[in-house]
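# Coordinate analysis (summary)
The primary structure of each chain is shown beneath.
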Amino acid sequence: MTAEEKLRQEIKHIVPADRKSMEKAEKRWKSVGKPLFSLGKLEDAVIQIAGIKEKAVYSLDRKGLVIMCADNGVVAEGVTQTGQEVTAIVAENFTKKETSVCLMAEVAGVDLFPVDIGMVTDVPGVTRPEYKVAYGTEDMMKGPAMTRGQAAQAVLNGIRIVRELAGQGYDILATGEMGIGNTTTSSAVVSVLLDQDAEAVTGRGAGLSSEGLRRKIDVIRESVRLNRPDREDPLDVLSKVGGLDIAGLTGVFLGGAVCRIPVMIDGFISSAAALCAVRMVPECVDYILASHKSGETAGGMVLDALGLSPFLDCRMSLGEGSGAVAAMPLLDMGLAVYLKMSTFEEINVEQYEDFENSGADS
């Protein structure tokens, strides 16, 4: 059986989140002794996760961050300030707890799982042969970034990683990435899937000059023209103008739906992967949460296309999963109120009436 056939088998049973559990959670929120809907998106998230987990009472005690690390051949076209060697350096620093997201994750109680899905260099503690698909992708300016089979395998590996973490008892996962050149591949993927010109979806990444940005836009535009990816076929788009990190994260989002675990989008790059996942299986969107609106040019555009509203808008564009980790404590706070606060009945206060949804005049 090919990787693509195995992938089809994995995702064919994905179904929408459980509406009955969501209704129970919504009813519980209305009984909590506070003004109705006053925690806004936090209430929505608690309800959504109840549907994901098929139960109105649950915990989010074990949190994990999956960081997909990969190199991109398009770096040869001068679309970045740094070379591919930086991918391996930062990946190694994940294992030493010496990156920004490592420090943030420690505060938020999130465990890190860096995965070498396609780095040019092997890194002890990150590289596991069963998950590494290739030693980087090809230069998409000269042809497809990877084969269709490699793209399918990377997606499949993302699903398998979620299965592994679900088996270890993780309740929620965040997504992160590390790969020099991956804002270029993400912009290319989004350009195709949203039918937008490269200029509309491409930012400066890690601080390109105006001349560098123009070069980056031209490279994306020409790569799309040359490879002619089919926007109706996300696997074709990933293989031709994507990256192994994006494909792996696509699998993580699909894996969340397979294993009924909520998965948090980080920024622009992981949102491109979420878009691929939802285009593959529309029901997958029920299992995805948006952490923040990325500072990248098309950060908000992709979330709008997914119909998702982020918790935060901090103008962050760091990557690594930093935005997703930053949003985790908000979920803990919302869930604490939901589970522990007294009800109107318990404090002998008349329950608020939901005029907004009853059709009554307030």
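Residues numbered from 1 in each chain as written. Predicted model: local features only at pLDDT ≥ 70, side-chain atom pairs only at ≥ 80, totals over all residues. Heavy atoms only, no water.

### A short note on the packing of aromatic side chains
Overall, the coordinates contain two aromatic pairs when judged by the stated rule. Taken together, a centroid distance of 5.2 Å and an interplanar angle of 55° make the contact between Trp 29 and Tyr 338 tilted. Here Trp 29, found in helix 2 (residues 19-31), pairs with Tyr 338, found in helix 14 (residues 322-340); they are 309 residues apart in sequence, far enough to count as distant. Here Trp 29 matches Tyr 338 in class, with each residue buried. Between Arg 62 and the ring centre of Tyr 170, over which it is positioned, the NZ or CZ distance is 4.2 Å. (Phe/Tyr/Trp six-rings, centres within 6.5 Å; stacked < 30°, edge-to-face > 60°. Helix = DSSP H or I, 4+ residues; strand = E, 2+ residues; numbered from the N terminus. Buried < 20%, exposed > 50% of the residue type's maximum accessible area, 1.4 Å probe, protein only. Lys NZ or Arg CZ within 6 Å of the ring centre and 35° of its normal.)

### A word on the state of the cysteines
Counted under the stated rule, the structure contains zero disulfides. Residue Cys 276 stays outside any disulfide, its sulfur separated by 11 Å from that of Cys 284, the closest cysteine. A relative accessible area of 0% means that Cys 276 is categorised as buried. (Disulfide = S-S within 2.5 Å.)

### Observations regarding the environment of Leu 213
Looking at the element boundaries, Leu 213 is found in helix 9 (residues 210-227). Linking Leu 213 and Thr 80, residues 133 residues apart in sequence, is a C-alpha distance of 9.1 Å. Apart from the residues within four sequence positions on either side, Leu 213 is in contact with Thr 202, Gly 203, Arg 204 and Leu 208. (Contact = heavy atoms within 4.5 Å.)

### Considerations on the side chain of Lys 216
With respect to the helices, strands and loops of the structure, Lys 216 is situated in helix 9. For the buried Lys 216, which has no salt bridge, the nearest side chain bearing the opposite charge is Glu 296, at an N-O separation of 4.9 Å. Beyond its immediate stretch of four places on either side in the chain, Lys 216 contacts Val 79, Thr 183, Thr 184, Thr 202, Gly 203, Arg 204, Gly 205 and Leu 208. (Lys, Arg positive; Asp, Glu negative; His and termini not counted. Salt bridge = Lys/Arg side-chain N within 4 Å of Asp/Glu carboxyl O.)

### Observations regarding the nonpolar core
Ranked by internal contacts, the top residues of the largest apolar core, which has 119 residues, are Phe 94, Phe 253, Leu 254, Met 264 and Leu 331. Excluding residues within four positions of it along the chain, Phe 94 makes contact with Ile 67, Cys 69, Thr 99, Val 101, Cys 102, Leu 112, Pro 114, Met 178 and Glu 320. (Core = buried A, V, L, I, M, F, W, Y, C linked by side-chain atoms within 4.5 Å.)

### Overview of unusual backbone geometry
A positive phi angle, near 60°, is found at Lys 97, a position not held by glycine. One can find Lys 97 in the loop between helix 4 (85-95) and helix 5 (100-108). For Lys 97, a relative accessible area of 63% puts it in the exposed group.

### Side note on the pattern of salt bridges
Overall, the coordinates contain 23 salt bridges when judged by the stated rule. For Glu 92, the salt bridge goes to Lys 96, with nearest N and O atoms at 3.6 Å. On the accessibility criterion, Lys 96 (45% relative accessible area) is partly exposed. Close ionic contact of Asp 122 with Lys 132 constitutes a salt bridge, the shortest N to O distance being 2.6 Å. Residue Asp 122 is found in the loop between strand 2 (110-118) and helix 6 (148-167), and its partner Lys 132 is found in the loop between strand 2 and helix 6; the two are separated by ten residues along the sequence. The exposure class assigned to Lys 132 is buried, which follows from its relative accessible area of 13%.

### Side note on the environment of Ile 89
Mapped onto the secondary structure, Ile 89 falls in helix 4. Distance from Ile 89 to Ala 174, taken between C-alpha atoms, is 22 Å for residues 85 residues apart in sequence.

### Some details on the environment of Val 101
Structurally, Val 101 is set in helix 5. Taking the relative accessible area as the measure of exposure, Val 101 reaches 0% and is therefore buried. Sequence separation between Val 101 and Pro 114 is 13 residues; the distance between their C-alpha atoms is 11 Å. Leave out the neighbours within four places in its chain, and Val 101 touches Leu 65, Ile 67, Phe 94, Leu 112, Glu 320, Gly 321, Ser 322 and Val 325.

### Section: helix 3 (residues 41-53)
An ideal rise of 1.5 Å per residue puts 18 Å on 13 residues; helix 3 measures up with 18 Å between its terminal C-alpha atoms. Taken across its 13 residues, helix 3 has eleven buried, putting it largely inside the fold. Looking at helix 3, one finds that the buried residues are Leu 42, Glu 43, Ala 45, Val 46, Ile 47, Gln 48, Ile 49, Ala 50, Gly 51, Ile 52 and Lys 53. Buried-residue contacts for helix 3 involve helix 2, strand 5 (288-290) and helix 14. A positive backbone phi angle near 60° is found at Glu 54, which sits one or two residues after helix 3. (Expected span 1.5 Å × (residues − 1).)

### Notes on the pairing of strand 1 (residues 63-70)
The buried fraction of strand 1 is high, at eight of eight residues. When strand 1 meets strand 2, the two strands line up parallel, connected through eight bridges. In the strand pairing of strand 2, Ile 67 is matched with Pro 114. Note: strand 1 against strand 3 (residues 172-178), seven bridges, orientation parallel. Bridging from a neighbouring strand, Ile 67 pairs with Gly 176 of strand 3. (Pairing = 2+ DSSP bridges.)

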